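Residue-level structural notes
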Amino acid sequence: MTGIGEFAIAALICLAAFFLFVGSLGLAKLPDLMSRLHGPTKATTLGIGSMLIASMLYFLLERGTLSLHELLITTFLFLTAPVTALMVAKAHIISDKGSRKALPPTGRKCSWAVIDGPQAERPAQD
Amino acid sequence: MIVLACTVAVFAIGAAMLLNLYRLLVGPDTPTRVLALDTLVINAIALVVLIGIYYGTSIYFEAALLFAMVGFLTTVAYCKYILRGNVME
């Protein structure tokens, strides 16, 4: 029984290391930022998830203690990864002149740029 | 077997962090560098958890949790600064 648990933990650690490496390789190799976002947001999140599952299994099977810290870290990371990706993509679109020109019109007084955000719209509503 | 897997994983994560460092130094624009920093923080969390497994102590989880929170906050603050030229308004 211990042998199976040990094998599962080792396999999960190797899987986590593989996915973390693949995510970082994608970040280093892909041509532009919108493709580079794929590596860290998907592969790296999967890698850190399996690493935390491996840690939970290790402390449950080898040490006999149930530790819930990993669940906390997993929840936090899985909640924040999409927010991070959205913020980086938005910063890229707004700061890049070419992709900013390609955005469709907003139909409002303010543009897509959040620099003149909701404050620019306020006098129009009065 | 776990010790062998930890050794392999430490080398793989170290190589991943070197790739992130390369993208951080070379990265053509600022959002790419912010993304590289965020990935570097995620790899650091994985390394901290791995050290916790290797030494069999549960002290390191607080460090990993702090890393996760601070990494998210710095990324969002950087992006907010790029977007609006200010962090808190």
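Residues numbered from 1 in each chain as written. Chains lettered and ligands numbered in written order. Predicted model: local features only at pLDDT ≥ 70, side-chain atom pairs only at ≥ 80, totals over all residues.

Let us look at the confidence of the model for chain A. The share of residues in chain A with pLDDT of 70 or more is 85%, and the mean pLDDT across the chain is 83. Across chain A, element-level confidence peaks in helix α1 (residues 2–29) of chain A with a mean pLDDT of 91 and bottoms out in helix α6 (residues 117–125) of chain A with 53. (pLDDT = per-residue confidence, 0-100. Helix = DSSP H or I, 4+ residues; strand = E, 2+ residues; numbered from the N terminus.)

With that out of the way, let us pick up the nonpolar core. Counting residues in each nonpolar core, the largest one holds 54 residues, and the members touching the most others are I13 and A16 of chain A together with I13 and A46 of chain B. If you list the elements that add at least two residues to this core, you get α1, α3 (38–61) and α4 (69–95) of chain A together with α1 (2–26), α2 (30–55) and α3 (60–84) of chain B. Those residues in contact with A46 of chain B that sit more than four places away from it in its chain are A16, L20, G47, I48 and M51 of chain A together with I13 of chain B. (Core = buried A, V, L, I, M, F, W, Y, C linked by C-beta atoms within 7 Å. Buried ≥ 20, exposed ≤ 12 C-beta atoms within 10 Å, placed from the backbone. Contact = placed C-beta atoms within 7 Å.)

Now for the environment of G39 of chain A. Residue and element names in this part refer to chain A. Its place among the elements puts G39 in helix α3. Each C-alpha atom of the pair G39 and V22 lies 7.3 Å from the other, and the pair is 17 residues apart in sequence. Ignoring any residue separated from it by four or fewer positions in sequence, one finds G39 in contact with G23, S24, G26, L27, L30 and T44.

We now examine the packing of α1 of chain B against α2 of chain B. Axes are the key here: two packed helices are described by the angle between their axes and the distance separating the axes. Residue and element names in this part refer to chain B. Their axes nearest at 9 Å, the elements α1 and α2 cross at an angle of 165°. Taken together, the axis directions place α1 and α2 in an arrangement best described as roughly antiparallel. Our pair here, α1 against α2, has a crossing hand that is left-handed. Between α1 and α2, the contacting residues are C6, A9, V10, I13, A16, M17, N20, R23 and L24 on the first element and T32, R33, A36, L37, T39, L40, N43, A46, L47, L50, I53 and Y54 on the second. (Axes fitted to C-alpha atoms, helices over the stretch in contact; angles between N-to-C directions. Parallel < 35°, antiparallel > 145°, perpendicular 65-115°, else oblique. Left-handed = near helix turned anticlockwise from the far one by under 90°.)

We now examine the interface of chain A and chain B. At the interface, 48 residues of chain A touch 45 residues of chain B. Broken down by secondary-structure element, the contributors of at least two residues to the side of chain A that touches chain B are α1, α2 (33–36), α3 and α4 of chain A. With 16 residues, the top contributor of residues to the side of chain A that touches chain B is α1 of chain A. By residue class, the composition of the side of chain A that touches chain B is 32 nonpolar, 11 polar and 5 charged. (Nonpolar A, V, L, I, M, F, W, Y, C, P; charged D, E, K, R; others polar.)

Under the 1.5 Å per step criterion, the end-to-end length of α4 of chain A is 38 Å for 27 residues, consistent within 8% with the ideal 39 Å. Along α4 of chain A, the positions that sit buried rather than exposed are E70, I73, L77, A81, T84, M87, V88, A91, H92 and I94 of chain A. (Expected span 1.5 Å × (residues − 1).)

Let's shift gears to α3 of chain A. Across its 24 residues, α3 of chain A extends 34 Å between first and last C-alpha, which sits within 8% of the 34 Å expected from 1.5 Å per residue. Taking the largest bend as the criterion, α3 of chain A deviates by roughly 30°, centred on T44 of chain A. (Bend = angle between axes of the 7 residues up to and from the residue.)

Now for the environment of Y54 of chain B. Residue and element names in this part refer to chain B. Checked against the element boundaries, Y54 lands in helix α2. Taking the number of C-beta atoms within 10 Å as the measure of exposure, Y54 has 18 and is therefore partly exposed. Between the C-alpha atom of Y54 and that of T7, which follows or precedes it by 47 residues, the distance is 9.0 Å.

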